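Overview (structure and organization)
These are the residues of each chain, in order.
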Amino acid sequence: KTVELKLANPADTFASMTARMAALKGLAMVNRPIPTAQLGRMLEQGGFTHNSANFTNSLNTSLDRMLKVYEEVEKTADGWIINDAGREMLRSQTDV
């Protein structure tokens, strides 16, 4: 199950965002479970920049922290999905 997402401004959708906010925004846009590697490709295609040699592993670590510390995402058999706390965090950052 590959998620194909057409971004309005693909080059800068996730530019200048933290990994946490980019992941939340990406998960909110997809609105269904997505595997880490697929989410990572979506973020990179949307302008998210990083210096990681293995972005999938780094993103997975961030998502795991978002699950255990912030409780903003959930992990399912099909991948990661944003929950209500994650949507609220995303809203609070975009309402500034």
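Bear in mind the structure is a predicted one, so any value in this text is a computation, not a measurement.

What to know about the side chain of E72
Position of E72 relative to the elements: it lies in the loop between α3 (55-68) and β1 (73-76). Take E72: its relative accessible area is 2%, and that puts it in the buried class. Ignoring anything within four residues of it in the chain, the contact list for E72 reads R20, L24, M66, I82, N83, A85, G86 and M89.

Side note on the nonpolar core
Within the largest apolar cluster, 20 residues are counted, with the highest numbers of intra-cluster contacts made by L24, L27, L39, L43, L59 and L63. Those elements that place two or more of their residues in this core are α1 (19-30), α2 (36-45), α3 and β2 (79-82). For L63, the contacting residues outside a window of four places in its chain are A23, L27, T36, L39, V73 and W80.

Analysis parameters
- Residues numbered from 1 in each chain as written.
- Predicted model: local features only at pLDDT ≥ 70, side-chain atom pairs only at ≥ 80, totals over all residues.
- Heavy atoms only, no water.
- Helix = DSSP H or I, 4+ residues; strand = E, 2+ residues; numbered from the N terminus.
- Buried < 20%, exposed > 50% of the residue type's maximum accessible area, 1.4 Å probe, protein only.
- Contact = heavy atoms within 4.5 Å.
- Core = buried A, V, L, I, M, F, W, Y, C linked by side-chain atoms within 4.5 Å.

This is a description of form; function is not addressed.
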